[in-house]
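What the coordinates show
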Amino acid sequence: MPSQTVANRRLRAALARPHHALILASLCAATAAAQDGPIQEVIVTAQKTAQPASKTPLALSVLGGGDLRQSGATNAVALTELAPNVQITTDTGMLQVAIRGVVSLDTTEKGDSSTAFNVDGAYVGRTEAQLGSFLDLDRIEVLRGPQGTLYGRNATAGAINLITNKPGKKLEGRVDVEIGDYASRHVEGVVNIPVNDTLALRAAALAVSHKTYLNPGPNTIGLDDRDDKAGRLHALFTFSPRTSWLLTAERSNTGGNGASTVPLTNFFIGTPISSGNNLANPVYVDRGATTQLTAAARYADVGSHRDNVATSLRSEFKTSLGNLADLTYQFARLNASVDQLNNGIYFGFPMYNTINGNSSQRTHEIRLNSAGEQALSWVAGVYHFDERIFRLSTYNTVTPGPLITLPFSPNIDNRSKAAFGQLTYRVDEQLRLTLGARTTRDEKSGHDPLSGGPTGPGYNAHVDSSKSNFRLAADYDLAPAVMVYGSVSTGYKAGGFNDTTGSPYKPENIKSLEAGIKGRFWGNKLRLSAAAFHYDYKDMQLTSVVCTGTSTASNCGVLTTNASNSTIQGVEVEGNLNVTADDRINFSLGTSDGKFKKYRPNTTDDWSGQRIDRAPAYNATLSYVRTFVLPSGATVQGRVGTRLNGAYFISDSSNGVRYRQPSYRKSDIGVTYTSPTQSHYLQAYVRNIENSITLDSLVPSGFGIGAPRTFGLRAGTQF
């Protein structure tokens, strides 16, 4: 809905009607104040304690739930268009998050994300569970830069925090419905019920679907589409103003057809190598959206499906220990099952991949926060993570001769324990110093009797690692609403082992230097934040498909190695300007210069000094929102926005091949009508007006691609 307040709308609608002169004069005075267009402060919990976003000394983007609904963001992929230096894509239905060029491409059971993904403070380890639809969110916090102190392992890129709307004391609800091309359907409903003074409930449900964006070409089987459902129930017990207990049950089902790709030659020309799995010296050719979207290769006629289910139970207990501290205990249990049949081409032949299995994780965090306003504020806690994963997957290549099958049947155990603390000392009214530290111990063990062969050879593997991370920071108030800060911090991603031989790879580590400014200017009409950063990135974990011996489909597997060290540096600026109460401009700019140091991906290629993957030199967004107030008190809001993205690489390091996605632009437009009572709205939108088709992921012989141009209508009501 429009960002202007309900009071302002009604006030200015009243001005459009004839009134007594005295009343009109008083209304005009009030309107003049309203037209200043002040920006509301946002409270975040990025540092495990509530504080204004403008006073949080780190690079942070905050996206409100209303803005997310209006932008059509129904899963994490949409954050690519909403935050600087963030690229989020999928690979065979699994989430891949790149922040400032730091990313993990291993979405198998042995891999871990480089970004800590949390829902209401609970860590979500499996990438298939992270892709659940966004549902009844209060806000999303995107933390850029290593978060090794408060978020621990697997946060070298940063953290994404989904904060849901909690039960309140008012009976209310809403329903949103969307229809669009590609048979797009989106229905979301929310109801909040205050049962009594102690108990309040909040329930939400969502269904999202659309047909495939791909042209079928010679295929008759179903291609990658979407048919998702999700639901959540909160129960909040408020025993006193300082003691509460929040219980949450949540379930999401990611359905539809399994992942399918388009051929490399839809985008590039080059000489086929490795029997067609890659192109040597690929050169990008713009063949147009119709060709780019066509699944031109013939897949196996074995069908396609996806039925991934994630079920979670969460508990958060909060209480006060008097003037000493506030206590928080969080427990979460997440069970996720995977059932997918994906399609592709491998060594020039149709290939289908079945994935079945389940995972279960348990997390505990006990945290103490300092109570009240005092010179020294602090947070300290202990953390425990336990995860068990089972997968049964096969890669089946259909040749003119016998079917070639690579079976895998791993059991993986992950454990992590940590103790952490962070304290901030207020030297005076303007200067604050922060020191944080965390010590972590990780263990990962695995057993697979098959590991790619019907009779083995199999593997047994065990790795453990420990790491202490730190954060030093200082922030200073140049003015009451302007803060500068500087920090040095570290992040750590646990090591692991490979799924063919059990061979280990080491943890990766990042040291970050960052300086920034945050503030509100021009009478609180401009919110601006800027940051400059420099990374020293050691033992990067890079993943690709590697074949041993002769290159045939019968001896290949996914291999992760500690490929290289690198440096990454850049600048980020983001903000919004309320020109008037009716005119708003949002903007962002991110630059990234990430390069390998001395690095040879194989025995013949040298990538030393070249740009790392998923790190475009620049990305920028600009949008303008205009609100018109009608005499009836209703509003019409128009929004137009665009994102410019620089070129980036997606590579196969083992074969020394780099595919360059050229720079592109994607623009959106929308018009929203809101009723005088603010209880109903109707919106028309077009996304990706340019119909830019972009490369999201690389698999042997094919690409996963982004969404084309889409359009539709959205309507909603609330009470």
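Residues numbered from 1 in each chain as written. Predicted model: local features only at pLDDT ≥ 70, side-chain atom pairs only at ≥ 80, totals over all residues. Heavy atoms only, no water.

Looking at an unreviewed UniProt entry, one finds the chain named TonB-dependent receptor, with Duganella lactea as its source organism. Of the comments in the UniProt record for the chain, the one headed Subcellular location (unreviewed entry) reads "Cell outer membrane". Under the Sequence similarities (unreviewed entry) heading, UniProt states for the chain: "Belongs to the TonB-dependent receptor family." (UniProt positions renumbered as here; feature names shortened; annotations may be inferred.)

**A few points about the nonpolar core**
Nonpolar side chains in soluble globular proteins tend to end up buried together. The biggest cluster of nonpolar side chains holds 40 residues, and the ones touching the most others in it are Leu79, Ile88, Phe117, Ile140, Ile160 and Leu162. When residues of this core are traced back to their parent elements, those giving at least two are strand S4 (86–91), strand S5 (94–99), strand S6 (115–119), strand S8 (137–144), strand S9 (158–164), strand S20 (325–346) and strand S31 (526–538). In contact with Ile160, other than residues within four places in its own chain, are Leu79, Ile88, Val97, Thr115, Ala116, Phe117, Asn118, Ile140 and Glu141. Among the nonpolar cores identified, the runner-up in size contains 23 residues, and Phe267, Ile345, Tyr664 and Phe703 belong to it. (Core = buried A, V, L, I, M, F, W, Y, C linked by side-chain atoms within 4.5 Å. Buried < 20%, exposed > 50% of the residue type's maximum accessible area, 1.4 Å probe, protein only. Helix = DSSP H or I, 4+ residues; strand = E, 2+ residues; numbered from the N terminus. Contact = heavy atoms within 4.5 Å.)

**Here's the deal with a nonpolar patch on the surface**
Together, Val175, Val177, Ile179, Val187, Leu630, Tyr673, Leu682 and Leu713 line one region of the surface with nonpolar side chains, adding up to about 620 Å² of accessible area. Per-element tally for the nonpolar patch: the top contributor is strand S10 (residues 172–180), with three residues. When you line up the elements, Leu630 lands in the loop between strand S37 (618–629) and strand S38 (635–645). (Patch = residues over 30% accessible without salt bridge, like charges linked within 9 Å, V, L, I, M, F, W, Y side chains within 5 Å. Areas by Shrake-Rupley, 256 points an atom, 1.4 Å probe, with all protein chains shown as cover. Salt bridge = Lys/Arg side-chain N within 4 Å of Asp/Glu carboxyl O.)

**Quick look at the environment of Glu508**
Examined against the element boundaries, Glu508 turns out to sit in strand S30 (residues 508–521). Of the residues examined, Glu508 reaches a relative accessible area of 0% and is grouped as buried. For the pair formed by Glu508 and Gln87, sequence separation is 421 residues and the distance between their alpha carbons is 20 Å. Those residues within four positions of Glu508 in sequence are excluded, and the remaining contacts are Val102, Ser114, Thr156, Gly491, Tyr492, Lys493, Tyr537, Lys538, Asp539, Met540 and Gln541. In this structure the side chain of Glu508 is engaged in a polar contact, spanning 3.2 Å, whose partner is the side chain of Thr156. Here the side chain of Glu508 touches Gln541 through a polar contact of 3.0 Å, landing on its backbone nitrogen. (Polar contact = N/O pair within 3.5 Å; in protein donor to acceptor, adjacent residues only side chain to side chain.)

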